[in-house]
Every structure is written in C-alpha cells, then in structure tokens.
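The residues making up each chain are set out below.
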Amino acid sequence: MSPEQRKAAIAGLTTAGLLAVAILVGSRNLKHIDAALVGYTFASLFAAFGVAYRYSMWLQRPPTRMYWRRGWKAFCRPAHLWDTLTDFIKRFTSVFLLNAFIWKRSKPRGLAHMLIMWGCIGSAAITFPLVFGWVHFETVPGDLSRYRTHVFGFGLFDFPHESLFGHLLFHGLVWCSLLVIPGVLMAYQRRIRDHAAAALQNFREDLLPLFLLFAVSITGLLLAVSYTWMKGYAYEFLAILHAVTVIFTLLWLPFGKFFHIFQRPAQLGVKFYRDAGEAGEQAVCVRCASPFATKVHIEDLIAVERELGYKYETANQTGAGIGTGHYQHVCPACRRKMFALAQGQLWKQVSNGG
C-alpha cells in the first residue's frame, strides 16, 4: 500500500470504529438493537469505512489539499470570524438548504433536487437512529394507549399512539418516499428527454442512483401498503426485497455519485478562500500589467503544478513580450496573443524556407 492508501485505510477504520462504539454505547450495549436490522448496521459500518477512505484519498490530492488548507485558514481568520460565521450561515442556507444554484438552472430541475434531497435527509434522520438503537419506543407502564420515546436509553416524552403526532411519526418514511419518488421521476424524465443531458450521461453515474432511490422508496412504500391495507400480505418478501435495496445502496454509497453528498460542503471553503483572495493583493500580468486574478490563487496554482510535476517556467521569448518567470503570471488574453504570435513567427520561418 502507498502512504496515501495507508492514511486512508486508517481514516476509514477509525471512522467505522467510532461509529461502532457510538452504536454500542447509544444502544446500551446492543440492548435496543433490532435483530432484523443487523444487516443495515453492518452495511452502514462498511459505508462509513468506504466514505472515510475515499474522502481521505480525495483530500490527499495536491489541489484538494491546497483548497482544504486555504479554506480553513480563510474561515478561521480572527479579525473576520464573526463576519465569516454570518456568511457561512447565509451560504449554507442558500447553497445547501435551498439549492439556489440549481433553481437558477431551471425550476423543474430545482424542484426535483429539492424533493430528492429532503426525502433522503428525512429518511436518513429516521432510519439510522432506529437501526443503531439510538431511538426506540416502548409502551408506557400501566397505559397501553401511549408510547414513550427513548433516545440513547433515556425516556424523553410520551404520546398517544392514535394521535396525529403518532400517525405522522410512525409513517415518517412513507412521507419521505412520497417526496423521493416524484423527484426521481422528474429527474429521470430530464435524463431521457434532454438531449444535452443524455449526450453526457452514463448509466453508473446518472441513471443507477435514480434507480436505487426509486427501488428503496417504492419497496418501503409497498411495506406500508402491505401492513396497512393488505393485512400483511407478502410482507416478509417485501421486507427482504426492501432490505436488499437499502443494503446495496449503502454498499454502493462510497463508490458512486452519492459520494458528492460528502464532497459538496467543501465547496464553502473554496468560496471563503476566494473571498480572502479578492480582499488581498491581485496578480498582475507580466505582459500587459493588468490585474487578472488573486495573487494567492496564482501562487498556490504554481505550487500545486510543481508538486504534480508540471513546470511552466518561461524564458526570454523574442516577440512574446515577457521575461523570465512563470506562465501562470500571464493573463488569459495575453496567452492567446502569445499563441498567435508564435504561430505567426513559425509561419514566417516556413515561408522563408526555414
């Protein structure tokens, strides 16, 4: 194993180990673990290892590592900490909770993403605490008409099982399915009708996630139909089918498109990095003397390129108008001009029999 792989493996084992300890402690030494959900638990542990492993490998890439460090440095600036926290709340609300950047692309796309996102968040918030034994319900001693909610083994509150609150709570996964299914169908419709999207998509990254979400949601919904209106008909088969779809989705989580769920928050660090750069010194083109980017970004880009083995140092070039330095110190407009000048010089040499 390479050093990067060893670090990633340690990160994965640590994350899975911490989750296992949290399950052990939160379920009061596995006292409140449902034996029927053990498969979900092991799939979750594997997913935790896989996500941490891949995330660690991703952070060890030179560009990602540079953005990660600079993002945290920009976020933790003492003189701007309060402004940074306020800006973080605004951006988190806009980018993640409301998906403003997707709504700008198109309203149907924004609606589909919102339905899928909130349906998945709601189902995860319900499923994982139940699977890990962190939350369970017991009848109140002496009153069989009421349930008591226990969180990490501590009783919190009671409620009548026939109340509206009880109905909404115990059917929480049904409401989440009713959000995910139309969102998936809207996203799939775009995939098969939008020629621009169809030209770039592939099955593993674009269609398989939709099929998995639909399978998990529809099988879970059929379970509710079975025990509510069909007196438990085919419930055992549907329970196994639903478990297979959920476990497969958890096992596939670190390897497919769902991994962007864990990558996306790092985008906020990039925004803080850009803000800090724009407030600082600007990079000036060595050819036309015009500012074209932030100085810290250009210097970091040069450092990353050298780390990756790319060297774009420039020597004196006749007619190019630049001296010894680095190609990244030239603005994009001058790069295009330099390319045209080089072509012109080459054409002139060929015309003169060179």
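Residues numbered from 1 in each chain as written. Predicted model: local features only at pLDDT ≥ 70, side-chain atom pairs only at ≥ 80, totals over all residues. Heavy atoms only, no water.

On to helix 1 (residues 3-26). In this model helix 1 runs 34 Å from its N-terminal to its C-terminal C-alpha over 24 residues, within 8% of the 34 Å that 1.5 Å per residue would give. Three or more residues of helix 1 are buried, namely Ala 8, Ala 9, Gly 12, Ala 16, Leu 19, Ile 23 and Gly 26. Where helix 1 ends, the next residue or the one after it, Arg 28, has phi of about 55°, a positive value. (Helix = DSSP H or I, 4+ residues; strand = E, 2+ residues; numbered from the N terminus. Expected span 1.5 Å × (residues − 1). Buried < 20%, exposed > 50% of the residue type's maximum accessible area, 1.4 Å probe, protein only.)

This next bit is on unusual backbone geometry. Trans peptide bonds make up most of the peptide bonds, and negative phi angles are found at most residues other than glycine. Its identity is not glycine, yet Leu 30 carries a phi of approximately 65°, on the positive side. Topologically, Leu 30 is positioned in the loop between helix 1 and helix 2 (38-59). Although it is not a glycine, Ala 234 adopts a positive phi angle of roughly 60°. Given the relative accessible area of 34%, Ala 234 is considered partly exposed.

What follows concerns the packing of aromatic side chains. For the structure shown, the criterion picks out 29 aromatic pairs. Residues Phe 92 and Phe 96 carry aromatic rings whose centres are separated by 5.3 Å and whose planes lie at 35° to one another, so their mutual orientation is tilted. You can see Phe 92 and its partner Phe 96 sitting in helix 4 (residues 81-97), 4 residues apart, about one turn around the helix. A relative accessible area of 34% places Phe 92 in the partly exposed class. Judged by relative accessible area, Phe 96 falls into the buried class, the value being 13%. A centroid spacing of 6.0 Å and a plane angle of 65° characterise the contact between Phe 157 and Phe 165, whose relative ring orientation is edge-to-face. Since its relative accessible area comes to 35%, Phe 157 is described here as partly exposed. Residue classification places Phe 165 among the partly exposed positions, given a relative accessible area of 42%. A connected cluster of aromatic rings, assembled from ring pairs, spans Tyr 55, Trp 58, Trp 68, Trp 72, Phe 75, Phe 88, Phe 92, Phe 96, Phe 259, Phe 262 and Phe 272. (Phe/Tyr/Trp six-rings, centres within 6.5 Å; stacked < 30°, edge-to-face > 60°.)

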